Number of protein chains: 2
Amino acid sequence: MKRAESKVVVLRLGHREGRDDRITSHVALVARAFGAKEIVIADTPEESVERTIAKVTANWGGAFKAKTGIPWRDFILKWKRKGGEIVHLTMYGQKLQTILPRIRRSRRDKLIVVGASKVPSEVYKLADYNVSITNQPHSEVAALAIFLDRFFKGTELSLQLRKQSNIR
Amino acid sequence: MKRAESKVVVLRLGHREGRDDRITSHVALVARAFGAKEIVIADTPEESVERTIAKVTANWGGAFKAKTGIPWRDFILKWKRKGGEIVHLTMYGQKLQTILPRIRRSRRDKLIVVGASKVPSEVYKLADYNVSITNQPHSEVAALAIFLDRFFKGTELSLQLRKQSNIR
């Protein structure tokens, strides 16, 4: 099974310093383990998340990176200008099972946007796809995992992340 | 697509009062949204999680319940005595994609065990299946979501949870 060729990056919105550390770390670890290239944590600089991810990547391989403190609107607009698409995961979107084939057909790079609590309504408008994973409240960690698992058709379950250097 | 007939309950181990509230709430909400009947949070009484879940179920439907403060070993042994099986989600298990067909063939009730940090080695021995979701560190929230999504073959994505009473 070949993986979709587009590059996948995750943008985490609404992270609150301190309070959201652990959930955001879970979001970042899921992004890495399920095949995204990078996570961007919007607006709030958060060294603890950057450190957690750098440590996991050093120990477990791959080239995944976490960047924090980047203004979300600028990042989304730049992504779109470069020809990439925006996939916003939200309870109030189109059903994953309906919209996924269309998302997978397009080979453009994908920015997967996951919010913490309330997401500005502008995000819904900027998104090429607003996608709901079940119609129930649950977790952005779970929503991201299910989206990436379906997007990559499960190939990430046997993803091999190689260490970038031979030094342990 | 018919759902597997066995009853699915989630057992959360190693929850630390206060510190793990939010992650455990995400685990519980995922259990509910992805088709489990109940979550049991072992050992630690945690009213905040019980309240969160009671509120979500009142507003969003279904009969899902959270119980907390139940000793884990007793609960597992009782589950096994009643003929149920134990599925322990862990990085150090057999690959989901390899073992899932066998788990789905058995119609026995399933207790899905997810740990927080370190899980006692006894759990690995008591489990009928130790199952890994990728070979990378990520999140028990994601592991549970992926397991239930695959176990129920995606039917939970359109699960309708009905309110138990007409009183709003």
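Here, the structure is the one placed above.
First, a word on scope: everything that follows refers to the structure included in this document. (Residues numbered from 1 in each chain as written. Chains lettered and ligands numbered in written order. Predicted model: local features only at pLDDT ≥ 70, side-chain atom pairs only at ≥ 80, totals over all residues. Heavy atoms only, no water.)

## Describing unusual backbone geometry
Across the chain, the bulk of peptide bonds are trans and the bulk of non-glycine residues have phi less than zero.
Part 1 of the reasoning: In this structure, Lys153(A) takes a positive phi of about 50° despite not being glycine.
Part 2 of the reasoning: Considering the arrangement of structural elements, one finds Lys153(A) in the segment after helix 6 (140–151).
Part 3 of the reasoning: Since its relative accessible area comes to 49%, Lys153(A) is described here as partly exposed.
Part 4 of the reasoning: Not every positive phi belongs to a glycine, and Asp43(B) is a case in point at roughly 70°.
Part 5 of the reasoning: Considering the arrangement of structural elements, one finds Asp43(B) in the loop between strand 2 (38–42) and helix 2 (47–60). (Helix = DSSP H or I, 4+ residues; strand = E, 2+ residues; numbered from the N terminus. Buried < 20%, exposed > 50% of the residue type's maximum accessible area, 1.4 Å probe, protein only.)

## Details of the nonpolar core
Part 1 of the reasoning: Judged by nonpolar contacts, the single largest core of 80 residues is most densely connected at Phe147(A) and Phe147(B).
Part 2 of the reasoning: Beyond its immediate sequence surroundings of up to four residues, Phe147(A) is in contact with Val87(A), Leu89(A), Leu96(A), Leu100(A), Ile103(A), Ile112(A) and Ile133(A). (Core = buried A, V, L, I, M, F, W, Y, C linked by side-chain atoms within 4.5 Å. Contact = heavy atoms within 4.5 Å.)

## Things to note about the relation of the copies chain A and chain B
Part 1 of the reasoning: Least-squares fitting of chain A to chain B yields an RMSD of 0.0 Å, with the superposition described by an axial translation of 0.0 Å and a rotation of 180°. Here the transformation between the copies is reduced to the relation of a two-fold axis. For chain A, the minimum C-alpha distance to the rotation axis belongs to Ala142(A) and amounts to 2.3 Å.
Part 2 of the reasoning: Mapped onto chain B, 100% of the interface residues of chain A again fall at the interface, so both copies present the same surface. (Least-squares fit on C-alpha atoms with pLDDT ≥ 70 in both.)

## What about the packing of aromatic side chains?
Part 1 of the reasoning: A complete count under the given rule lists six aromatic pairs over all chains for this structure.
Part 2 of the reasoning: Consider the rings of Phe151(B) and Phe152(B), whose centres lie 5.2 Å apart with planes at 70°: the pair is edge-to-face.
Part 3 of the reasoning: Taking relative accessible area as the criterion, Phe151(B) reaches 1% and is therefore assigned buried.
Part 4 of the reasoning: Among the aromatic residues, those joined into a ring-pair cluster are Phe147(A), Phe151(A) and Phe152(A).
Part 5 of the reasoning: Lying over the aromatic face of Trp72(A), Arg73(A) brings its terminal NZ or CZ to 4.8 Å of the ring centre.
Part 6 of the reasoning: Sitting over the face of the ring of Phe151(A), Arg104(A) holds its NZ or CZ atom 5.9 Å from the ring centroid. (Phe/Tyr/Trp six-rings, centres within 6.5 Å; stacked < 30°, edge-to-face > 60°. Lys NZ or Arg CZ within 6 Å of the ring centre and 35° of its normal.)

These results come straight from atomic positions and should not be treated as a statement about function.
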